[in-house]
Amino acid sequence: MSAYLLGNLIGRFVLSYALIWLVMFLMLSRLKWRDAFRRTNHWTGLVATTTTFLIGLIAAQTNGAGP
């Protein structure tokens, strides 16, 4: 596995986590950032993060993006 591919996967996962955290922060935790982190690190937040990550990978693969 090349460093380019590893960096791309880690970056995509971090952005997926940030997107789910932002949704939790704005909609579910009433603008309390600590509550948003708690909700994101719960198993439901991690499932949502993984699902978002995998949807992004599948979309990138079907569009022909990548090496």
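Residues numbered from 1 in each chain as written. Predicted model: local features only at pLDDT ≥ 70, side-chain atom pairs only at ≥ 80, totals over all residues. Heavy atoms only, no water.

**Topic: helix H1 (residues 3-28)**
Between its first and last C-alpha, H1 extends 36 Å over 26 residues, near the 38 Å set by a 1.5 Å rise per residue. Among the residues of H1, those classed as buried are Ser16, Ile20, Trp21, Met24 and Phe25. Looking at the buried residues of H1, the elements they touch are helix H2 (33-40) and helix H3 (43-62). Where H1 terminates, the next one or two residues include Arg30, which has phi positive at roughly 55°. (Helix = DSSP H or I, 4+ residues; strand = E, 2+ residues; numbered from the N terminus. Expected span 1.5 Å × (residues − 1). Buried < 20%, exposed > 50% of the residue type's maximum accessible area, 1.4 Å probe, protein only. Contact = heavy atoms within 4.5 Å.)

**A word on the packing of aromatic side chains**
Inspection of the entire model under this criterion finds four aromatic pairs. With a centroid separation of 5.5 Å and an interplanar angle of 80°, the aromatic rings of Phe13 and Phe53 are classed as edge-to-face. Of the two residues, Phe13 sits in helix H1 while Phe53 sits in helix H3, which places them 40 residues apart along the sequence. A relative accessible area of 35% places Phe13 in the partly exposed class. Considering the side-chain rings of Trp33 and Phe37, the 6.1 Å spacing of their centres and the 90° angle between planes classify their relative orientation as edge-to-face. Taken as a pair, Trp33 and Phe37 lie in helix H2 at a separation of four residues, close to a single helical turn. Among the residues examined, Phe37 registers a relative accessible area of 34% and is labelled partly exposed. Joined through ring pairs, the aromatic side chains of Trp21, Phe25, Trp33 and Phe37 make up one cluster. (Phe/Tyr/Trp six-rings, centres within 6.5 Å; stacked < 30°, edge-to-face > 60°.)

**With respect to unusual backbone geometry**
Positive phi, close to 55°, is recorded for Arg30, a residue that is not glycine. Looking at the element boundaries, Arg30 is found in the loop between H1 and H2. The backbone of Leu31 shows a phi angle near 60°, a positive value even though the residue is not glycine. Checked against the element boundaries, Leu31 lands in the loop between H1 and H2. Note on Leu31: relative accessible area 55%, which makes it exposed.

**Quick notes on the nonpolar core**
Of all hydrophobic cores here, the largest spans five residues; its members are Ile20, Trp21, Met24, Phe25 and Ala36. When residues in this core are grouped by element, the largest group, four residues, is from H1. When neighbours within four sequence positions are excluded, Met24 is seen to be in contact with Ser29, Ala36, Arg39, Thr40 and Gly45. (Core = buried A, V, L, I, M, F, W, Y, C linked by side-chain atoms within 4.5 Å.)

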